[in-house]
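Spelled out, the chains give:
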Amino acid sequence: MTVRAVLFDLDGTLVDSVPALTAGLNDVLATYGSTPMTEKAVADLVGKGVRKLIEDVFAVKQLPTDDKTIDEACALYVARNVARGNHDAKFFPGALDAVAALRRSGVKTVLVTNKSRAMVETFVRDAGLGNYFDAVVAGGDTPHPKPAGDMLLLGAEKVGVSIADCVMLGDSRNDAEAGRNAGVAVRLVKTGYNEGVPIEIWGPENGFDVGFENPEVIPVRRETLSKLVAGCRFRRRKARRFNRRNEIQVRCVRPAEHEFFRHRHTLTRTSAPVRAS
């Protein structure tokens, strides 16, 4: 497989956003005179975008779920989160190192998240992610969010890469199903937000191969996300290391302490990545 772009989910894949999401939701619930949600309860509901999250929370709290109320609550939720900012965002160890290493190797990186555009732009600004991603696809950018494949297709289009040369990296069934619907390879990290069901259980039960040979999904430990890159030796120092198709030979090695993977694939050499705006 020639990997020219990696499409990254955000919440539960790169960053632990549940504390911030819970705080924003509880602000909204207080406005409507309801009791707060726990982080565990919120973690089981995130992933399908702002509107679906608000609808589910209001249903749990037995609050009105008519369109007008949900519209108002969504607007309030986004405004509160944007105002609060994301200066204390907690990225998972090695996550940004992995993104940066991919960009240095010439692989395009795209952030694909169901978060609203306003929330994503605020997050990218506050967390200093401008130079980590070549493009960003947010909720509302396509007619249908994940788990539809529209956002992934748009992400590939934005960086000028065929969807067949992309990999979707996420933590949930939304990411897995979006990858399947878009026809793209999928890699999943464990212990993310998969509606309360461990991804290593959900994957096999829903037709996703958990093996690395001929894979659709490779579950790996979230805390070792950097091994996706660190475990690969990018042979770029000598011209003779490139094959006739001008591709970098990559060997991914299984770390002894984890049930990881051993596989050979290629990454096409491209020009230096353009800095993200």
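How each quantity is defined
Residues numbered from 1 in each chain as written. Predicted model: local features only at pLDDT ≥ 70, side-chain atom pairs only at ≥ 80, totals over all residues. Heavy atoms only, no water. Buried < 20%, exposed > 50% of the residue type's maximum accessible area, 1.4 Å probe, protein only. Helix = DSSP H or I, 4+ residues; strand = E, 2+ residues; numbered from the N terminus. Arc of directions from axis to C-beta. Contact = heavy atoms within 4.5 Å. Salt bridge = Lys/Arg side-chain N within 4 Å of Asp/Glu carboxyl O.

Q: Would you mind going over helix H3 (residues 50-60) with me for this structure?
A: Because an α-helix packs 3.6 residues into every turn, residues spaced three or four apart end up facing the same way. When we look at burial in H3, the residues that qualify are Val-50, Leu-53, Ile-54, Val-57 and Phe-58. Down the axis of H3, the buried side of the element spans an arc of 125°, and every buried residue falls inside it. Residues of H3 that are buried sit in contact with helix H1 (18-31), helix H4 (67-84), strand S4 (108-116) and helix H6 (117-127). Phi turns positive one or two residues past the end of H3, at Gln-62, with a value near 55°.

Q: Would you mind going over H6 with me for this structure?
A: Restricting attention to buried positions, one finds in H6 the residues Met-119, Val-120, Thr-122, Phe-123, Val-124 and Asp-126. Taken from the residues just after H6, Gly-128 is the one with a positive phi, measuring 70°.

Q: Looking at this model, I keep getting lost on the environment of Leu-102. Mind explaining?
A: Counting through the fold element by element, Leu-102 comes out in helix H5 (residues 95-104). Separated by 30 residues in sequence, Leu-102 and Tyr-132 have C-alpha atoms that sit 9.4 Å apart.

Q: Would you explain the pattern of salt bridges in this entry?
A: Once their charged atoms are close, side chains differing in charge can pair, the charge on each being opposite to the other. The final tally for this structure, using the stated rule, is 15 salt bridges. When the shortest N-O distance is used, the salt bridge between Lys-68 and Glu-72 registers 2.6 Å. Taken together, the residues span about one helical turn, with Lys-68 and Glu-72 both in helix H4 at a distance of four residues. What makes Glu-72 partly exposed here is its relative accessible area of 40%. For Asp-175, the salt bridge goes to Lys-146, with nearest N and O atoms at 2.8 Å. Here Asp-175 is found in helix H8 (residues 173-182), whereas its partner Lys-146 is found in the loop between strand S5 (135-139) and helix H7 (150-158), with 29 residues between them in sequence.

Q: What exactly am I supposed to notice about the environment of Lys-48 here?
A: Structurally, Lys-48 is set in the loop between helix H2 (39-43) and H3. We classify Lys-48 as partly exposed; its relative accessible area is 28%. Residues Lys-48 and Lys-115, spaced 67 residues apart in sequence, show a C-alpha to C-alpha distance of 8.4 Å. Once residues within four sequence positions are removed from consideration, Lys-48 is found in contact with Asn-114, Asn-174 and Glu-195.

None of the figures reported here should be taken as evidence of function without further support.
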